[in-house]
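# Analysis of the macromolecular model
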Amino acid sequence: MAAGSSRILRYVLFAFFGVMILYFISSSSIPRPALPAVPTKGFNWKGSTEGPTAEEVGGEKPGALNGQLSNTEAPAVSAKPAESVAPTTPKPSTDLSPAASTGGKMNATFVTLARNSDLWEIVKSIRQVEDRFNRNYHYDWVFLNDKPFDSTFKKVTSALISGTTHYEEIPEEHWSYPDFIDQEKARQVREKMAEKKIIYGDSVSYRHMCRFESGFFFRQPIMNKFEWYWRVEPSIELYCDIAYDPFKFMADNKKKYSFVLSLYEYVETIETLWDSTKTYMQKHPEHLVKGNALDWLSDDDGETYNHCHFWSNFEIGNLDWLRSPAYLDYFEQLDKDGGFFYERWGDAPVHSIAAALTLKKEEIHFFNDIAYYHVPFTHCPTGDQKRLDLKCHCNPKDNFDWKGYSCTSKWFKVNKMEKPEGWEDQKD
């Protein structure tokens, strides 16, 4: 009996010492991770590197309708910061030349024409713009609507935008028939276009939109605060990182208008637009600058229009140019001629013709590196290495630039520019 108890005691002691040995071995050979740093202040939406407060993690963000969050103090907690770790994918160097300006942001804004019903489509665009560019720059965003924006639209959009948001209602005189328009004649035109199945041919609101974008968006009081604009529409995509500030690039390189897509306009929608344009050119030869891009618009020295235009649902431009007598005189001529309602003149050919006539060629810029989609066309940067450098996710075969219906090849030709390497692989 005593021998059995002694044997059991020895087994227990052996087990105890074995466990202790394993514990010491494991404690000394496995390194413990350092505790992550704990922030000591609240979160600032505008580019702060400090962490969020408890309220912002679990509750509503104060100041969201302004597009920014206020700083709130949180109890300080001391902790040893974690060692910095090299990123798994180092940011590649690119051949993009950043703007020469080294100061703060440009006096610039994004601008969007939208209705409350567009909310869930415009938020897709906002996330694209913020994730690919604006999270690093925090530019303002102006929203324009012919009706008041509701609280949901303001709350959701301002929560996504890193800059200050502005919401403005368009005055009725900028979104209605001018008193010189024969509305019965305009109605008959819409009926005929509907019979011909011309896109937006029977739409009244589309015509108001085109006239507003052509002559009034830049005259809204809120826009008077800014010098540069970047137009953004619902449901667009930006396929690549934007590794520099396009506003600064435009200013530093003396650009005033820019595009990513160009194409031919529907002839049935602008049958007399060039007639009105020629009237303008005859009345205002002082606005036609030497070295302009007339040869991109016309193949016979201005006698006829070849229908090329920049697709204006993406454009970065200088507001002072739009406010200039050269542009305003052009718009006034078109407006008096009534083609926004008696035909279906779009803002894209209006902006394009005005830019091509009143700006020098070198003042208009093609952004190859800003990858863009708006149904149904895609601009995917030409150049394999460029797409890798900018972390693009577009299919280069979808690139519209060098297809037969695009006018971008013609733009390169009249400017004596060499096409990017690899363009042949993206032809028809």
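Anyway, here's the lowdown on the structure attached to this text.

Calculation criteria
- Residues numbered from 1 in each chain as written.
- Predicted model: local features only at pLDDT ≥ 70, side-chain atom pairs only at ≥ 80, totals over all residues.
- Heavy atoms only, no water.
- Helix = DSSP H or I, 4+ residues; strand = E, 2+ residues; numbered from the N terminus.
- Buried < 20%, exposed > 50% of the residue type's maximum accessible area, 1.4 Å probe, protein only.
- Lys, Arg positive; Asp, Glu negative; His and termini not counted.
- Salt bridge = Lys/Arg side-chain N within 4 Å of Asp/Glu carboxyl O.
- Polar contact = N/O pair within 3.5 Å; in protein donor to acceptor, adjacent residues only side chain to side chain.
- Contact = heavy atoms within 4.5 Å.
- Disulfide = S-S within 2.5 Å.
- Pairing = 2+ DSSP bridges.
- Phe/Tyr/Trp six-rings, centres within 6.5 Å; stacked < 30°, edge-to-face > 60°.
- Lys NZ or Arg CZ within 6 Å of the ring centre and 35° of its normal.
- Expected span 1.5 Å × (residues − 1).

## Some points on the side chain of D401
You can see D401 is positioned in the loop between α14 (384–389) and α15 (408–414). Despite being buried, D401 has no salt bridge partner; K403 is the closest side chain of opposite charge, sitting 8.7 Å away. Here N399 takes part through its side chain, which lies 3.3 Å from a polar atom of the side chain of D401. Other than its neighbours up to four places away in sequence, D401 contacts V260, L261, F366, H379, T382, S406, T408 and S409.

## Overview of the state of the cysteines
Each disulfide is one covalent bond, formed between the sulfur atoms of two cysteines. In the structure shown here, the tally under the stated rule is three disulfides. The partner cysteine of C308 in its disulfide is C407, sulfur to sulfur 2.1 Å. Its S-S torsion of about -85° marks the bond between C308 and C407 as left-handed, since a negative value means left-handed. Separated by 99 residues along the polypeptide, C308 in strand β8 (residues 308–310) and C407 in the loop between α14 and α15 bring together distant segments of the chain. Here C308 and C407 have matching classes, each one buried.

## What about unusual backbone geometry?
Note that the residue after V375, namely P376, is joined by a cis bond; omega there is 5°. In this fold, P376 is placed in the loop between β11 (372–374) and β12 (377–379). The phi angle at D301 is positive, at roughly 60°, despite the residue not being glycine. Positionally, D301 belongs in the loop between α9 (294–297) and β8. Backbone geometry places K391, a non-glycine residue, at a positive phi of 55°.

## So, the sheet that holds β12
Across the sheet, three strands lie side by side as β5-β11-β12; this open sheet has antiparallel pairing. Each of the sheet's edge strands pairs with one partner strand only, and the pair in question is β5 (237–238) and β12. Pairing of β5 with β11 involves two bridges; the strand directions are antiparallel. Across the sheet, L238 pairs through a bridge with Y372, a residue of β11.

## Details of the environment of P234
With respect to the secondary-structure elements, P234 resides in the loop between β4 (228–231) and β5. Distance from P234 to I126, taken between C-alpha atoms, is 8.4 Å for residues 108 residues apart in sequence. If near-sequence neighbours (up to four positions away) are discounted, P234 is found in contact with D118, E121, I122, S125 and H374.

## Some remarks on the pattern of salt bridges
According to the stated counting rule, one finds 19 salt bridges in the structure shown. The salt bridge partner of D146 is R115, with a shortest N-O separation of 3.4 Å. Taken together, the residues span a long stretch of sequence, with D146 in the loop between β2 (140–145) and α4 (151–160) and R115 in the loop between β1 (108–113) and α3 (119–132) at a distance of 31 residues. The exposure class of D146 is buried, given its relative accessible area of 13%. A residue is classified by how much of its surface remains accessible, and R115, at 35% relative accessible area, is partly exposed. The residue K124 makes a salt bridge to E121 at a minimum N-O spacing of 3.3 Å. With K124 and E121 both in helix α3 and three residues apart, the pair spans about one turn of that helix. On the accessibility criterion, E121 (31% relative accessible area) is partly exposed. Among the ionic contacts, a cluster of salt bridges with common partners joins E213, R231, E233, E315 and D347.

## Some details on α4
Residues spaced three or four apart along an α-helix point in a common direction, a consequence of the helix completing one turn every 3.6 residues. Among all positions in α4, only F153, V156, T157 and S158 are buried. Those residues of α4 that are buried lie in contact with α3, β2 and β3 (165–169). Near the N-terminus of α4, the side chain that reaches the backbone nitrogen of T152, with its oxygen 3.2 Å away, is that of D150.

## Examining the packing of aromatic side chains
Summed over all chains, the structure comprises 47 aromatic pairs. Between Y257 and W321, the ring centres sit 5.8 Å apart and the planes meet at 65°, which makes this aromatic pair edge-to-face. Here W321 lies in helix α10 (residues 319–322) and Y257 lies in strand β6 (residues 257–259), a separation of 64 residues in the sequence. Comparing Y257 with W321 shows no difference in burial state: the two are buried. Taking the centre distance of 5.3 Å and the plane angle of 75° together, the rings of W402 and F412 count as edge-to-face. Of this pair, W402 sits in the loop between α14 and α15 while F412 sits in helix α15, and the two are ten residues apart along the sequence. Judged by relative accessible area, which is 4%, W402 ranks as buried. Sitting above the plane of the Y342 ring, K185 keeps its charged end 4.1 Å from the centroid.

## Side note on helix α13 (residues 347–358)
When the terminal C-alpha atoms of α13 are compared, their 16 Å separation across twelve residues agrees well with the 16 Å that a helix rising 1.5 Å per residue should span. The element α13 is extensively covered by neighbouring structure, given that twelve of its twelve residues are classed as buried. Of the positions making up α13, those classed as buried are D347, A348, P349, V350, H351, S352, I353, A354, A355, A356, L357 and T358.

Geometry only, nothing functional implied.
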